[in-house]
Amino acid sequence: TNSSSRIFIKILFQELVEYMGLAKLNSRLHEPELENYLNGLFPRDSPRDTRFAINFFTSIGLGGLTDELREFLKTLPKRMMLEAATEN
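First, a word on what this report is: a plain description of the structure on this page. Bear in mind that the values here come from a model prediction, so they are computed numbers and not experimental data.

The rules behind each value
Residues numbered from 1 in each chain as written. Predicted model: local features only at pLDDT ≥ 70, side-chain atom pairs only at ≥ 80, totals over all residues. Heavy atoms only, no water. Helix = DSSP H or I, 4+ residues; strand = E, 2+ residues; numbered from the N terminus. Buried < 20%, exposed > 50% of the residue type's maximum accessible area, 1.4 Å probe, protein only. Areas by Shrake-Rupley, 256 points an atom, 1.4 Å probe, with all protein chains shown as cover. Expected span 1.5 Å × (residues − 1). Arc of directions from axis to C-beta. Contact = heavy atoms within 4.5 Å. Core = buried A, V, L, I, M, F, W, Y, C linked by side-chain atoms within 4.5 Å. Salt bridge = Lys/Arg side-chain N within 4 Å of Asp/Glu carboxyl O.

So, the overall build of the protein
Logical step 1: Tallying secondary structure elements over the protein gives five helices and zero strands in all.
Logical step 2: Helices and strands in the protein line up, N terminus first, as α-α-α-α-α.
Logical step 3: Burial statistics for the protein: of 88 residues in total, 26% are counted as buried.
Logical step 4: Looking at the protein as shown, the accessible area adds up to about 6400 Å², and 57% of this sits on carbon and sulfur atoms.

Shown next as structure tokens:
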């Protein structure tokens, strides 16, 4: 992402939280119908991208939106070990 797109995302999400509230927005962002469209904002393809998203949303005061990503990062080493064990 570039600086201008991050600013746009920041303003957009801050406005959404202002109108909907953090809890309602968070529940809407995790609806199955929307998850495919939001993969780029809340990535799980690499730990580096996941950490960037967590840090970004936390820095703009919306860290509550990243609770699920934080849990994903916590359990990632366990899942990687399980996957490696099943491959062998």
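Re helix H1 (residues 3-20)
Logical step 1: The first and last C-alpha atoms of H1 sit 26 Å apart over 18 residues, in line with the 26 Å expected at 1.5 Å per residue.
Logical step 2: Regarding H1, the residues found buried are Ile-9, Phe-13 and Val-17. Buried residues of H1 fall within an arc of 65 degrees about the axis and therefore sit on the same side. Turned more than 90 degrees off the buried face of H1, the exposed positions are Ser-4, Phe-8, Glu-18 and Tyr-19.
Logical step 3: Tucked inside the fold, the buried residues of H1 contact helix H2 (22-29) and helix H4 (47-59).
Logical step 4: One or two steps after H1, the chain reaches Gly-21, where phi turns positive at roughly 90 degrees.

So, the nonpolar core
Logical step 1: In this structure, Phe-13, Leu-25, Leu-29, Phe-42, Phe-57, Leu-62 and Leu-65 are the most contacted members of the largest nonpolar core, which totals 18 residues.
Logical step 2: Only H1, H2, H4 and helix H5 (67-87) provide two or more residues apiece to this core.
Logical step 3: Discounting residues that sit within four places of it in the chain, Leu-29 has contacts with Phe-13, Glu-35, Leu-38, Phe-42 and Leu-65.

Section: the pattern of salt bridges
Logical step 1: Enumeration according to the criterion identifies two salt bridges in this entry.
Logical step 2: Across the salt bridge formed by Glu-31 and Arg-28, the nearest N and O atoms sit 3.3 Å from each other.
Logical step 3: For Glu-31, a relative accessible area of 26% corresponds to the partly exposed category.
Logical step 4: Put simply, Arg-44 and Glu-68 hold a salt bridge, and the shortest N to O gap is 2.8 Å.

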